[in-house]
Amino acid sequence: MHNLDLAAIQAEIEKVNSSVELEELRLKYLGRKGLIAQMMSIIPDLAPEERSQAGQEANALKNQITAFLRQKGSSLAGPEPKATADALDITMPGIAQELGQMHPITQVINEICDIFMRMGFSIVEGPEIETEFNNFTGLNIPLDHPSRDAFDTFYLRDTTKLLLRSHTSPVQIRAMKEKKPPLAVVVPGRVYRPDATDASHLFMFHQIEGFMVDKGIKFSDLKGMLEIFAKSVFGPDIKMRFRPHFFPFTEPSAEVDISCVICHGKGCSSCGRKGWLEILGSGMIHPNVFKHVGYDPKKYTGFAFGMGVERIAMLKYGINDIRLFCENDLRFLKQF
Ligand code: PHE
C-alpha cells in the first residue's frame, strides 16, 4: 500500500559521501517527523482490517532502511581499528633497562688505590705519550738496555723522542720534578708494549705504580706497606716473599710473590708447581734517579713498586685469559 520505492531509497543512501549527509537521510526516513513516522501516524485512521498489515509493512520498511543506513555508516568509517603490535597497553610490564657497572679492571684499580690512600698516599696520573727521557733515561735505564729497544716500545712515527709509555714509572720522574719530599704517590694508568696478544699478553694493559720518598725511608717500610696491600686484596692468610731481582731504577730490587691463590703453596699448574705467584716489582729508588730529578740522594731515600692490574685481577678472580678484559662480553663483565 505504501508508495516508497525501497530500491530508490537504497540507491539514495549508497550515494552519500559523508556522515553528515547520512544523518540527514536518517532524519528524513527514521526521524521523529520522518516518512516512517508519518506512515505510522496514519494507521489509526485506516479501516480496522487494514491496520495490521500497514503496521507490519511500515516496520519492515523501517528495519530495511535502518540496515541500509548502518551498512553505509560503517563503510564511511573505514575498516574497524584493530589492536596493532605497537598499540599502547598500559597494563603491560615495563621494559627493564640494563644497568651498567664498573669494569672489573676499574674496580681493581679503585680497590688498590683505596688501600694506599688509607695509608696516606695520594693519586697522581701522567700522560700515555711520554718522552724517551722520562720513560728510560731519567729512570737510569741505559742506552743499551734491552727494554729500550724499539721492539719493546711503541715509538711515535717520525720521532725517536716520543713514545707510548711502557710502564707507569715515568710518572715518578714527573712527580718528583714537581714536588719536594716528603712524597707518597700511587699512579694508576695504561701502558703499552708491542707484544703479540695471547692468553697472558695485551699490547695495552694497566699498571699501578707507587713510591714514597722522605728522609729515612727503609726497605722495611716497603715491606710493611706491600704486606698490608697483599693481604687486603688476596685475604689475610696469604703469604708473601721478596725475591732478589734487577731493575735499573731501584737498588736493591725485589720481585714480590704471594703464595699461590689456587693451591696455597703446595704447587699446582697455575703456579708452575712452585707454590708462588709473582705479583709486582719493587725496590729502593736508585740514587741516579734522584739525581735526575734534583733530589739529594744523601738526604733522601725512597721505595718504589709497580704492578700489572690485569695480572692482579686474574689472580684475584681466577681468570685464565687476559683477553676477556677487552671483549666487552656482558656474560663476563656481569660477574664482577
Ligand atoms: N716499572 C717496572 C715494570 O714495569 C715495575 C717497577 C716499578 C719495578 C717500580 C720497581 C719499581 O716492570
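Residues numbered from 1 in each chain as written. Predicted model: local features only at pLDDT ≥ 70, side-chain atom pairs only at ≥ 80, totals over all residues. Heavy atoms only, no water.

## Re the domain arrangement of the protein chain
One can read the domain layout of the protein chain as domain 1 (6-77) and domain 2 (104-333). Placing the centre of domain 1 and that of domain 2 at their C-alpha centroids yields a distance of 97 Å. (Domains from an automatic or database assignment.)

## Thoughts on the state of the cysteines
Inspection of every chain in the model, using the stated rule, returns zero disulfides. Counting only cysteine sulfurs, C263 is the nearest neighbor of C260, a cysteine outside any disulfide, at a range of 3.6 Å. A relative accessible area of 0% means that C260 is categorised as buried. Here C268 is not cross-linked by a disulfide; its sulfur's nearest cysteine counterpart is in C263, at 3.7 Å. (Disulfide = S-S within 2.5 Å. Buried < 20%, exposed > 50% of the residue type's maximum accessible area, 1.4 Å probe, protein only.)

## Some thoughts on the environment of I115
Its location among the elements puts I115 in helix α5 (residues 104-118). It is 34 Å that separates the C-alpha atoms of I115 and P146, two residues lying 31 residues apart in sequence. (Helix = DSSP H or I, 4+ residues; strand = E, 2+ residues; numbered from the N terminus.)

## Things to note about the sheet that holds strand β8 (residues 276-285)
In spatial order, the strands read β1-β4-β5-β9-β8-β7-β6; together these seven strands make up an open sheet with mixed pairing. The outermost strands of the open sheet, each flanked by one partner alone, are β1 (122-123) and β6 (240-247). Direction of pairing for β8 relative to strand β9 (residues 301-308): antiparallel, over a ladder of four bridges. Paired with G283 across the two strands is A304, which belongs to β9. Along the sheet, helix α7 (residues 170-178) makes contact with β4 (183-192), β5 (204-214), β8 and β9, crossing β5 at roughly 40°. (Pairing = 2+ DSSP bridges. Contact = heavy atoms within 4.5 Å. Axes fitted to C-alpha atoms, helices over the stretch in contact; angles between N-to-C directions.)

## Some details on the pairing of β4
Taking burial as the measure, the 10 residues of β4 include nine buried ones, the bulk of the element. With two bridges joining them, β1 and β4 adopt parallel strand pairing. Note that in β4 the partner of I123 across the bridge is V186. Sheet topology places β4 next to β5; 10 bridges connect them, and they run antiparallel. Each residue of the ladder has a partner; that of V185, found in β5, is F211.

## What about the packing of aromatic side chains?
Per the counting criterion, the structure on display carries 11 aromatic pairs. Taking the centre distance of 5.7 Å and the plane angle of 25° together, the rings of F247 and F249 count as stacked. The residues F247 and F249 share a single accessibility class, namely buried. Each member of the aromatic cluster is reached from another via a ring pair, and the members are F116, F121, F229, F303 and F305. (Phe/Tyr/Trp six-rings, centres within 6.5 Å; stacked < 30°, edge-to-face > 60°.)

## Topic: the pattern of salt bridges
In total, this model carries 14 salt bridges according to the counting rule given. In this structure, the salt-bridge partner of R190 is E128, at a minimum N-O distance of 3.5 Å. One end of the pair, R190, is in strand β4; the other, E128, is in the loop between β1 and β2 (129-131), and 62 residues separate them in sequence. In this structure, D257 and R241 form a salt bridge, with 2.8 Å as the shortest nitrogen-oxygen distance. A residue pair is termed long-range when its members are at least 10 positions apart, and D257 in strand β7 (residues 250-259) and R241 in strand β6 qualify at 16 residues. (Salt bridge = Lys/Arg side-chain N within 4 Å of Asp/Glu carboxyl O.)

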